[in-house]
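# Tertiary structure, described
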Amino acid sequence: MAETRLMTINMGPQHPATHGVLRLVLELDGEIIVKATPHIGHLHRGVEKLAEARTYHQIIPLTDRLDYTNAMGNNLAYVLAVEKLLGIEVPKRAQYLRVMMAELQRLAAHLIWLGTHALDIGAMTLLFYNFREREEILRIFEEVAGGRLTPTYLRIGGVAKDLPEGIEGKIRSFVNAFPDHMKEYETLLTKNVIWLKRTKGVGIISKEDAINWGVTGPTLRGSGVKWDVRKAFPYSSYDEFEFDIPTGSTGDVYDRYYVRLREMEWSNSIVRQALDRLPKGPIMADDPKVALPPKEMVLTDIASLIRHFKIVSEGITPPRGEVYASVEASKGELGFYIVSDGSNRPLRMRIRPPSFLNLSALPKMIEGGLIADVISAIGSIDIVLGEIDR
Amino acid sequence: MQVFYFLIETIIKCVVVFACLMLSVAYLTWLERKVLGHIQIRFGPNRCGPFGLLQPFSDGIKAFFKEDLIPGSADKPVFVLAPMIAIISAISMFAVIPFGNQFTLPGTDYVVKLRIADIDIGLLYVFGIASLGEFGIVLGGWASGNKYGLTGSLRAAAQMISYEVALGLSIVGVILLSQSLRLTEIVALQAGGFWHWNIIYQPAAFVFFIVCALAEINRTPFDMPEAESELACGFNIEYSSMKFALFFMAEYAHMITVASIAVTLFLGGWQAPLPFLEFIPGVFWFGAKVFILIFFFIWQRGTFPRLRYDQIMKFGWKVLFELTLINILITAFVMLLKG
């Protein structure tokens, strides 16, 4: 009798379908996964440590680079935490702008997910359609904030600047055209027999398992848990918007796909609502310790000049304390836990990345499946390694 | 003297067919990239020459001058042999395909028939050689000494076994109708307009043949051995330089050959679709029909996702196999009734 051994295969970090630099060590019996071990750390940049050596405002660009497909959402989670620490109220217009940008960003992030997920499963055409729409969103960001991938648009106490002239029309035309694009994507996938075969009943994670592993976001909702931070702990005026939490039932790849598509429709609707009801008013909190004085005051008034210099060079000094704030990012609950010792730099900043916890549930989904299922499961949990390794 | 003329004629035909086939392969890569490009709202190659027409040559030159790596853990002789098997089988299949009618050389009474060889068991030859081609993929992946390559070649072997059966069975109906394995006879029986083509009598068989053919030439949704997102290119993962290019060319040559066989068996070969169009040479019609099929192959690549390996096996054995058998039964029954 010949000895049979399992084959160990190293999937990644250089592999076209591991979404960056994830390394999966798979133990295979033929093509069946016996054991899967994710290894992380190939994209570690020490964001949490870097944050300890920066003033509160200087940390915002770092957060852009966590989940680089969801920069606005990351900004939002961070500034919410600092604002909570400072105890300041953000003006309504700024809140609405934040919501609008965060939802546009969610659309962009989900578009990348859809394209790459479909590409992994072999339907390559969709990627180009998705990037066409994402490009429009990035152009909007460029006009609004100056940056595309890493806009750094949000500020502690508000947003960096008001909307430029004429951008509202562009956002509106994008929002109006988007439902037709959604139809295009769905024609290619939702009822495609091959797509159904590849996604239905694959990579299942039960409701209980999903909760126990700390899975959040569309991955959790795909398993049938109606949980969304935007509804559970409304932040930034989300309670004033109308939207639903789409859920799946079995928790397979198809459910997660379906949940995300419905979420894109709601995001689009939220952007439209924000645009329709955008209030007038200031975009920065009226707090002299946080907000920079207006430019003409800096040039004419010595007190304002000093204040400007102090905020820029020294930064803001929140009171001593610990704070946690989280948002519903495109991948799940993104939280920032900040410990302040009363100085101008955080003593410790801890990030709760949704992808890290979602990834930890991956072996649960794929063990017993085939190599092809690994690919569709990785695609369906939508991980970004920048956020996992931080 | 007759033998001498025959030799000269055959050599000339071989050279011409080989050159045309290689040129078609080169431009098929261009066509695929161009068509896929337009499906995917981009341009495809457009830098190298007008409309990117020189791109295949630039690719060929590049492949030729790349470093030829053979991994240390590879089984060297097999590793070198595998791409040769792939390309030889893909090309030599074309030997029996009639791509046009006969014509008399002007000024003489010498008749030139537009096919290289007209053998009695033409169809058997085609399928024999086609199966041989899979060895290139299986051996190539196995000899690479790479686990992804090994998985790719295992998939290729499994896929070959399941689909070759259905592929063979799908054409039995045509053989029953034409009572011959000789490709020229099969084409001759389909003369006189498109309502005489086998696709009219055997529409189901045509669909089965196309599905199996997609599996045979490893294209989406059946591109298991390659599956770039799963196996990172599968069987050809360790191949570089001209050896990779040979596999690549073999794949495209295979595509042309399979399309040609489909045209010969089901779409009337070089015959014109309507009788009054017969003044146009058969070679044109043959090329046009092959082009349409190939366009279909490219088009569906831009549309469909990839099936999973076990699903392909299931589909092959549990669906296609039965359907082709039923098709044969019905065909045989109808022929029996008609006498």
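This one's a predicted model, so the numbers in the text were calculated from it and none came from an experiment.

## Quick notes on the overall build of chain A
Assigned secondary structure in chain A consists of 17 helices and 8 strands. By the compact-globule yardstick of 21 Å for 390 residues, chain A fits well, its C-alpha radius of gyration being 22 Å. Taking contacts inside chain A between residues at least 6 apart in sequence as the whole, the part at least 24 apart equals 69%. Accessible area for chain A stands at about 15,400 Å²; split by element, carbon and sulfur atoms hold 55% of it. Considering chain A, the positive charge centre built from 48 side chains and the negative charge centre built from 49 side chains are found 2 Å apart.

## Here we look at empty space enclosed by the protein
Residue and element names in this part refer to chain B. The tally for this structure, following the rule as stated, stands at 4 cavities of 30 Å³ or more. As a volume, the largest cavity reaches approximately 160 Å³. Every residue lining the largest cavity is counted, 13 residues in all, and those nearest its centre are Ile-137, Asn-218, Ala-250, Glu-251 and His-254. Contributing elements (two or more residues each) for the lining of the largest cavity: helix H4 (122-143) and helix H11 (241-266). When residues of the lining of the largest cavity are assigned to their parent elements, the largest contribution, 4 residues, is made by H11.

## Structural notes on helix H4 (residues 92-121) of chain A
Residues and elements named next belong to chain A. An ideal rise of 1.5 Å per residue puts 44 Å on 30 residues; H4 measures up with 43 Å between its terminal C-alpha atoms. Of all 30 residues making up H4, 27 are buried, and the element is well covered by its neighbours. Gly-122 lies just past H4 and shows a positive phi near 110°.

## Details of the layout of surface pockets
Empty space among the atoms becomes visible once a probe the size of a water molecule is rolled across them. All names here are of chain B. What the largest pocket holds in volume is close to 850 Å³. Lining the largest pocket we find 33 residues, and of these Cys-20, Phe-94, Phe-99, Val-283 and Phe-286 sit closest to its centre. Listed by contribution, the elements that provide at least two residues to the lining of the largest pocket are helix H1 (2-39), H11 and helix H12 (282-301). Among the elements that make up the lining of the largest pocket, the one with the highest residue count is H1 (14 residues).

## Description of the packing of helix H5 (residues 147-170) of chain B against helix H13 (residues 309-338) of chain B
All names here are of chain B. It is the contact of H5 with H13, at a shortest axis distance of 8 Å, that shows an interaxial angle of 15°. By the angle class used here, H5 and H13 are roughly parallel. The element H5 and its partner H13 pack so that their crossing is left-handed. Each of Arg-155, Ala-158, Gln-159, Ile-161, Ser-162, Tyr-163, Val-165, Ala-166, Leu-169 and Ser-170 in H5 lies in contact with H13, whose residues at this interface are Tyr-309, Ile-312, Met-313, Phe-315, Gly-316, Trp-317, Leu-320, Phe-321, Thr-324, Leu-325, Asn-327 and Ile-328. Looking at the contact of H5 with H13 residue by residue, the class counts come to 15 nonpolar, 6 polar and 1 charged.

## Quick look at the sheet that holds strand S3 (residues 32-39) of chain A
Residue and element names in this part refer to chain A. Taken in spatial order, the 3 strands make up an open sheet running S1-S2-S3, and their pairing is antiparallel. In the strand order of this sheet, the two ends are held by strand S1 (7-11) and S3, each with one partner. Each neighbouring strand pair of the sheet contributes to a mean axis angle of 20°, computed without reference to strand direction. Helix H16 (residues 371-381) rests against S1, strand S2 (23-29) and S3 of the sheet, and its axis sits at about 150° to S2.

## Focus: the pattern of salt bridges
Residues and elements named next belong to chain A. Within this structure, the stated rule accounts for 34 salt bridges over all chains. Glu-48 is paired through a salt bridge with Arg-348; the nearest N and O atoms lie 3.2 Å apart. Residue Glu-48 is located in helix H1 (residues 47-52), and its partner Arg-348 is located in strand S8 (residues 346-352); the two are separated by 300 residues in the primary sequence. Classification of Glu-48 by relative accessible area gives buried; the value is 12%. Put simply, Glu-133 and Arg-132 hold a salt bridge, and the shortest N to O gap is 2.8 Å. By relative accessible area, which is 0% here, Glu-133 ends up buried. Three or more residues are tied together by salt bridges with common partners; here these are Glu-103, Arg-106, Arg-221, Asp-228, Arg-230, Glu-263 and Glu-328.

## Notes on the sheet that holds strand S7 (residues 333-340) of chain A
Residues and elements named next belong to chain A. Spatially, the 3 strands line up as an open sheet ordered S6-S7-S8, and their pairing is antiparallel. Of all strands in the sheet, those with a lone pairing partner are strand S6 (321-328) and S8, marking the two edges. The average angle at which neighbouring strand axes cross in this sheet is 15°, direction not considered. Inspection of the sheet shows S6 paired to S7 by 8 bridges, in the antiparallel sense. Each residue of the ladder has a partner; that of Ser-326, found in S7, is Gly-335. Contacts between helix H3 (residues 71-86) and the sheet are confined to S6, S7 and S8, with S6 contributing the most and set at about 150° to the helix.

## Side note on the environment of A:Ile194
For A:Ile194, the position within the fold is in helix H7 (residues 193-199). On a C-alpha basis, the gap between A:Ile194 and A:Ile121 in space is 9.6 Å, while along the polypeptide they are 73 residues apart. What A:Ile194 contacts, discounting residues up to four positions off in sequence, is B:Pro221, B:Phe304, B:Pro305, B:Arg306 and B:Leu307.

## Some points on unusual backbone geometry
The phi torsion at A:Asp382 lies on the positive side, around 55°, for a residue other than glycine. With respect to the helices and strands, the residue A:Asp382 is situated in the loop between H16 and helix H17 (385-389). Looking at A:Asp382, the relative accessible area reads 5%, which means it is buried. Positive phi outside glycine occurs at B:Ile41, with the angle close to 40°. Position of B:Ile41 among the secondary structure elements: in the loop between H1 and helix H2 (55-65).

## A few points about the pairing of S8(A)
Residues and elements named next belong to chain A. Note: S7 against S8, 6 bridges, orientation antiparallel. Paired with Tyr-337 across the bridge in S8 is Arg-350. The hairpin formed by S7 and S8 contains 5 residues between the paired strands, and Gly-342 there has a positive phi angle of roughly 90°.

## Digging into H2(B)
Residues and elements named next belong to chain B. Taken residue by residue, H2 has Gln-55, Pro-56 and Ala-63 as its buried positions. Viewed end-on, H2 has its buried residues packed into an arc of 100°, placing them on one side of the element. Exposed side chains of H2 directed beyond 90 degrees from the buried face belong to Ile-61, Phe-64 and Phe-65. Against the buried residues of H2 lie H1 and H11.

## Describing the confidence of the model for chain B
Residue and element names in this part refer to chain B. Residue-level pLDDT values for chain B average 82, and 97% of them are 70 or greater. Mean pLDDT values for the elements of chain B range from 67 in helix H10 (residues 228-231) up to 87 in H2. The complex model carries a pTM of 0.84, and its ipTM stands at 0.76.

About the criteria used
Residues numbered from 1 in each chain as written. Chains lettered and ligands numbered in written order. Predicted model: local features only at pLDDT ≥ 70, side-chain atom pairs only at ≥ 80, totals over all residues. Heavy atoms only, no water. Helix = DSSP H or I, 4+ residues; strand = E, 2+ residues; numbered from the N terminus. Rg over C-alpha atoms; globule rule 2.2 N^0.38 Å. Contact = heavy atoms within 4.5 Å. Areas by Shrake-Rupley, 256 points an atom, 1.4 Å probe, with all protein chains shown as cover. Lys, Arg positive; Asp, Glu negative; His and termini not counted. Charge placed at Lys NZ, Arg CZ, Asp CG, Glu CD. 1 Å grid on protein atoms, 1.4 Å probe; cavity = no way out; pocket = protein on both sides within 12 Å on 5 of 7 lines; lining within 4 Å. Points joined across faces, edges and corners; volume = space filled by probe spheres on them. Expected span 1.5 Å × (residues − 1). Buried < 20%, exposed > 50% of the residue type's maximum accessible area, 1.4 Å probe, protein only. Axes fitted to C-alpha atoms, helices over the stretch in contact; angles between N-to-C directions. Parallel < 35°, antiparallel > 145°, perpendicular 65-115°, else oblique. Left-handed = near helix turned anticlockwise from the far one by under 90°. Nonpolar A, V, L, I, M, F, W, Y, C, P; charged D, E, K, R; others polar. Pairing = 2+ DSSP bridges. Salt bridge = Lys/Arg side-chain N within 4 Å of Asp/Glu carboxyl O. Arc of directions from axis to C-beta. pLDDT = per-residue confidence, 0-100.

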